[in-house]
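Tertiary structure, described
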Amino acid sequence: MSQDQNYDGHAWFTLSGDVNSDMVRRVFDAVADMTEDRITTAHILIQSNGGYVSDGICLYNYLSKLPIKIVTYNAGAVASIAVVLYLAGSERYASDTARFMVHKSHASAPHGARPDALRIIVEGLQADDARTEQILRNHVQLTEDHWRTHEYSDLHLTASEALKVGLVNGVEDFVPPGGQRVTNI
């Protein structure tokens, strides 16, 4: 946005920490305030190493369908399920030094777990991976090499690589205009 633009209806936020039920509650509360304040565009800087798949998908579904335009930013690291949360932005930007890390779901089993319990854990992980992969495929055009890496390892993308595959719309810093308040969610 240029210096001459009108910022009526725009607001700037930071959102950091684990993607979990606490973050879901904080986002729900923040959106309630946004609607009360008649915000039309929310610029959200996300910093998260991930968390729970169900909470991330809940936030993705919620934010991506709001009547508020969501613009997401990555100025450092967005990883794991936080990448799906980041994709809720209808516009997405990353600083040139930002990184994204995408990987399959993981869990640990209790020592001595029975095979039927392990099967249930594995089936749950496969279901979570299918849900997150569907969202990734709807937004990002990863190459076959990317998908092969994602299948067996962590996929790391720089901001310029993320731009090439459509994860970001541009390499741009989160810079709220002077005089505008930044609120931590």
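Look above for the structure.
Here is a short report on the structure shown in this document. (Residues numbered from 1 in each chain as written. Predicted model: local features only at pLDDT ≥ 70, side-chain atom pairs only at ≥ 80, totals over all residues. Heavy atoms only, no water.)

Some words on helix α2 (residues 53-64)
The terminal C-alpha atoms of α2, which comprises twelve residues, lie 16 Å apart, in line with the 16 Å expected from a rise of 1.5 Å per residue. Inspection of α2 places V53, D55, G56, I57, L59, Y60 and L63 among the buried residues, and these make up the whole buried set. (Helix = DSSP H or I, 4+ residues; strand = E, 2+ residues; numbered from the N terminus. Expected span 1.5 Å × (residues − 1). Buried < 20%, exposed > 50% of the residue type's maximum accessible area, 1.4 Å probe, protein only.)

With respect to helix α1 (residues 21-36)
The end-to-end C-alpha separation of α1 is 23 Å, in line with the 22 Å expected for 16 residues at 1.5 Å each. The complete set of buried residues in α1 reads M23, V24, R26, V27, A30, V31 and M34. For α1, the arc enclosing every buried residue in end-on projection is 160°, short of the 170-degree limit, so these residues lie on one face. More than 90 degrees from the buried face of α1, the exposed residues found are S21 and E36. Buried positions along α1 lie against β1 (10-16), β2 (41-47), α2 and α3 (81-86). Between the side-chain oxygen of the N-cap and the backbone nitrogen of D22 there are 3.0 Å, and the N-cap of α1 in question is N20. (Arc of directions from axis to C-beta. Contact = heavy atoms within 4.5 Å. Polar contact = N/O pair within 3.5 Å; in protein donor to acceptor, adjacent residues only side chain to side chain.)

Regarding the packing of aromatic side chains
Note on aromatic pairs: each is described by the distance of the centres and the angle between the planes. Scanning the entire structure with this criterion turns up five aromatic pairs. Seen in terms of ring centroids, F28 and Y62 are 4.7 Å apart; in terms of plane orientation they differ by 65°. Their pairing is edge-to-face. Of this pair, F28 sits in helix α1 while Y62 sits in helix α2, and the two are 34 residues apart along the sequence. Residue class for F28 comes out partly exposed when judged on its relative accessible area of 33%. For Y62, a relative accessible area of 28% translates into the label partly exposed. Considering the side-chain rings of Y73 and F174, the 5.0 Å spacing of their centres and the 70° angle between planes classify their relative orientation as edge-to-face. You can see Y73 sitting in strand β3 (residues 69-74) and its partner F174 sitting in the loop between β8 (170-171) and β9 (182-184), a full 101 residues away along the chain. Accessibility classification places Y73 together with F174 in one group, the buried group. Here the aromatic cluster, defined as three or more aromatic residues joined through ring pairs, consists of Y73, Y93 and F174. (Phe/Tyr/Trp six-rings, centres within 6.5 Å; stacked < 30°, edge-to-face > 60°.)

Considering the pattern of salt bridges
Applying the stated rule across the entire model yields seven salt bridges. The closest approach of N and O atoms between E91 and K69, which form a salt bridge, is 2.4 Å. On the criterion of sequence distance, the pair formed by E91 in strand β5 (residues 91-94) and K69 in strand β3 is long-range, its members being 22 residues apart. Assessed through its relative accessible area of 24%, E91 is described here as partly exposed. (Salt bridge = Lys/Arg side-chain N within 4 Å of Asp/Glu carboxyl O.)

Side note on the packing of α1 against α2
In a pair of packed helices, the angle between the axes and the distance between the axes together describe the arrangement. Following both chains from N to C, one finds α1 and α2 inclined at 15°, their axes separated by 9 Å at the closest point. Classified by the interaxial angle, the pair formed by α1 and α2 is roughly parallel. As α1 runs across α2, the sense of the crossing is left-handed. Contacts from S21, M23, V24, V27, F28 and V31 of α1 reach α2 at D55, C58, L59, Y62 and L63. Class assignment for the residues of the contact of α1 with α2 results in nine nonpolar, one polar and one charged. (Axes fitted to C-alpha atoms, helices over the stretch in contact; angles between N-to-C directions. Parallel < 35°, antiparallel > 145°, perpendicular 65-115°, else oblique. Left-handed = near helix turned anticlockwise from the far one by under 90°. Nonpolar A, V, L, I, M, F, W, Y, C, P; charged D, E, K, R; others polar.)

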